[in-house]
Amino acid sequence: MDSFKKKFIEEASELIDKLEVTLLELEKNPDDPTQIQQVFRVMHTLKGNSSMFGFDLIDKFTHNLETVYDLIRNNQLKLTPQVLNVTLSSVDHLKAMLDEENYDDPDFLTTHNGLIAKINQLINPDKPMEEKQRVQINENKSEEVIHSYYVFFEPRKDIFKNGTNPLYLLDELTSLGKAKVFAHFNRVPLYDQINPEQCYVYWEAIIATENEVNSINDVFIFVESDSKLEIQKVADINLLADEKFVEEITQLANVQKDIGFVTVQRLANQSIARHNKSKSEVVKRERIGYKDKSTASIRVSSDKLDGLMNLVSELVTTQARLSLFAEENSVPGLAPIVENVQKLSRQLRDIAFSIVLIPIENLFGRFQRLVRDLSQELKKDVEFITEGAETELDKTIIENLSDPLMHIIRNSLDHGIEESAIRLAQGKSSKGKIQLKAFYSGANVIIQISDDGAGIDTEIIREKAIQKGIITAERKLSKKEILDLIFLPGFSTAKKVTDVSGRGVGMDVVKKKISEIRGEVEVDSEVGEGTTITIKLPLTLSIIDGLLVSINKSAYVIPLAAIDKIYAVEKSKIYTSFNNLITLDGKQIPFFSLRKEFNLSASDEELEQVVVVNFEDNSVGMVVDFVIGEYQAVLKPLGKHYKTHDIFSGATILGDGTVALVMDTNKIIKDFAKIQVINVK
Amino acid sequence: MAKTILIVDDSESIREVVSFTLENEGYKVLIGVDGKDALKFLNGQVIDLIITDLHMPEMDGIELIKNVRKNTNYERIPILFLTTESQTAKKMEAKDAGATGWIIKPFVPAKLIAAINKVIR
């Protein structure tokens, strides 16, 4: 930006600030004629200056505003608060107009056209605004096309005589776009024959610019009459973007005394051909790619996939045994083979898994749109946040999840999030928030939909349930039990039926669908604070990264995803603690001694290991005897008799054939914490 | 160091506009009211550019250009002259006399700066 524009902008900002101050004064005394005069004068100055410095948009805009104040000045229009509001928003907009970068912003355009319409409304309250007055800045901005030119410039020998410095001209030339300039020195005579007052050098240049050829001519305007000058267009593409062309031409310029237009044109044509080919290749590749897509996938029955998964997990187990065997028996040459088998089976496992698992991302994307459309329909301002889109789930689970999730989100939007006015009255931000979160919890994937809306009023549900004869009036129910009532068939709590939800298909369908994929739904709600619906989905057959630990010589696996840190702690610190709190790294962390919880006697070891795991937003320590190491556990479901022990999400077979239980840390902590509360009582 | 530009014109308004613009750009400006007046500045001090009108009393622009080119101290300095679109013959005459380039009147400040940038940096 040149300094004149800068100066203008500085000046204009001052004027606009002045305008703002005057307008605020005017708001206090709307009939003060001197203030009105002042507003008019400032606008007039602004208008005049902006037209001089090419700010046409400001010129036109202030022209209309000025008209308004001209009418007010002549008592043809009354200065109403409405007029002042429009003027003040215009002042804000004028500030934005000073920055030309804003002009491409669609919001800016909307504001601009909106304000022009309002101002016109003030001037001609009866006449609808003319379409013509709308400004569409981007309309005529056609795509800039880059052309490449060849420039030959040989100044007359005595060009220095009239004060010309040809290097300045070349500088100007290169400033027009991308340029490659070759200086030729072959006409420079031997040192003793040189006349330092003469110019022996001539130049060739390839310039790629979006400017017109005239602008190149303009560069040489002072010297064209006494120089050899040739300017030719060689291509309608940016040749300098073609590395091969640049390389070829540079090579030529180095060996040849000059390249010449004909050679440049030949190379340019080759480059154009390459350009077109690569362009058509892209198109072709896209087509092929499309075709590929249709043939690259095959449908396989899920039975076969299940079979494959089973075999892979057996293979991983067997491989672990092989590794162990190789460690214990040092057979020469066995170690590398074992390592290879380990590598291969890991790869095979990853591929087998990627076949059946897909990220939940696609599903989330679909909801983003749903929330946007619904919130517009319902005229609610809602922010939709997704988290954990990379969480992978079985494809069939994801497919079956779509409908229930959609229903829950609709409910949140329709019944949960309140209208902005109500939200503001309750001291919430006017914008509602719906959060969709997916994460792993032990061997499960949890999907949580939470909103910060009205929440579910348990009293209303209770009354309704009584009314519908689902429960009797005398029955006492805990909060959770009442909330669970919404999953019963034919239970719709919305006071009025809207298009979006409450069509009679209720949460019972959601629950049914989720249990079909062996999932569980839970609801938690706080009146006035919001509702959280948690869906827990199992990953019955999967492999997880875990930490192998031992308690009383039995092995257990703690999912690695849940683990934060591991500390070695003296036994005395654990057994003398009264409140099950331990200070680690300066932080107090509640802990459970797994030995104690499993009703085992204290261990003989002096040091015990505290595995700190994440539990909801907190850290909780779990005390074990030994940490053995990382372990990739093939998760197997527990047998019928152990189904009730849900603190374990499954079992895995170790390399030596023994079985290790896989802990569900969340469940374990909840479970033990419950017992403790009871114990305290 | 700021470059020094000598402006030669008999019209005060043109001198004002040009010198204001140039001073704004950070140049040091010397002012001559006609060719003869301008010659007094060629006293050995450093001048980086001369901008001169062609029609002036006492000594016109072409005469001034010739004089400058004759002066061994100043024979290489760039000289721009002010002219109008129609004066093609005059333009060639000035060019032959040794002018570096020209500025077409009327001009906006940006044009003036662009022309100056062609001959000095």
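About the cut-offs
- Residues numbered from 1 in each chain as written.
- Chains lettered and ligands numbered in written order.
- Predicted model: local features only at pLDDT ≥ 70, side-chain atom pairs only at ≥ 80, totals over all residues.
- Heavy atoms only, no water.
- Pairing = 2+ DSSP bridges.
- Helix = DSSP H or I, 4+ residues; strand = E, 2+ residues; numbered from the N terminus.
- Right-handed = clockwise from strand over helix to strand, strands pointing away.
- Buried < 20%, exposed > 50% of the residue type's maximum accessible area, 1.4 Å probe, protein only.
- Arc of directions from axis to C-beta.
- pLDDT = per-residue confidence, 0-100.
- Phe/Tyr/Trp six-rings, centres within 6.5 Å; stacked < 30°, edge-to-face > 60°.
- Contact = heavy atoms within 4.5 Å.
- Buried area = accessible area lost by both parts, 1.4 Å probe.
- Salt bridge = Lys/Arg side-chain N within 4 Å of Asp/Glu carboxyl O.
- Nonpolar A, V, L, I, M, F, W, Y, C, P; charged D, E, K, R; others polar.
- Patch = residues over 30% accessible without salt bridge, like charges linked within 9 Å, V, L, I, M, F, W, Y side chains within 5 Å.
- Areas by Shrake-Rupley, 256 points an atom, 1.4 Å probe, with all protein chains shown as cover.

### Observations concerning the pairing of strand β2 (residues 28-32) of chain B
Residue and element names in this part refer to chain B.
- As defined by bridge partners, strand β1 (residues 4-8) adjoins β2 across five bridges and the pair is classed as parallel. Bridge pairing in β2 links Val8 to Gly32.
- In terms of handedness, the path from β1 via helix α1 (residues 12-24) over to β2 forms a crossover that is right-handed.

### Some remarks on helix α4 (residues 88-97) of chain B
Residue and element names in this part refer to chain B.
- Here α4 has its buried residues at Lys91, Ala94, Lys95 and Ala97. Buried residues of α4, seen end-on, are gathered within an arc of 160° and therefore sit on one face of the element. Among the exposed residues of α4, those oriented more than 90 degrees off its buried face are Ala89 and Asp96.

### Observations regarding the confidence of the model for chain B
- In this model, chain B carries a mean pLDDT of 85, and residues with pLDDT of at least 70 account for 97%.
- The ipTM for the predicted assembly is 0.82, set against a pTM of 0.37.

### Remarks on the packing of aromatic side chains
Residue and element names in this part refer to chain A.
- As enumerated under the stated definition, the model contains twelve aromatic pairs over all chains in all.
- Taking 5.9 Å as the distance between ring centres and 40° as the angle between the ring planes, the aromatic pair formed by Tyr150 and Phe261 counts as tilted. Placement of Tyr150 in strand β1 (residues 147-155) and of Phe261 in helix α9 (residues 261-296) is noted, with a sequence separation of 111 residues between them.
- By relative accessible area, which is 23% here, Phe261 ends up partly exposed.

### So, the interface of chain B and chain A
- Each partner contributes residues to the interface: chain B has 23 residues there, and chain A has 19 residues.
- Between chain B and chain A, the buried area comes to about 1800 Å², and carbon and sulfur atoms account for 51% of it.
- A per-residue breakdown of the area chain B buries against chain A is headed by Arg76(B), Lys118(B) and Arg121(B), which together make up 43% of the total.
- Counting the contacts that link chain B with chain A gives three salt bridges.
- Between Lys118(B) and Glu172(A) there is a salt bridge, with its nearest N and O atoms 2.9 Å apart.
- Secondary structure elements with two or more residues in the side of chain B that touches chain A: α4, β5 (101-105) and α5 (109-119) of chain B.
- The element contributing the most residues to the side of chain B that touches chain A is α5(B), with six residues.
- Tallied by class, the residues present in the side of chain B that touches chain A amount to eleven nonpolar, five polar and seven charged.

### A closer look at a nonpolar patch on the surface
All names here are of chain A.
- Together, Phe185, Val188 and Ile194 line one region of the surface with nonpolar side chains, adding up to about 250 Å² of accessible area.
- Here Phe185 lies in the loop between β2 (178-184) and β3 (202-209).
- When its relative accessible area of 55% is taken as the criterion, Phe185 is described as exposed.

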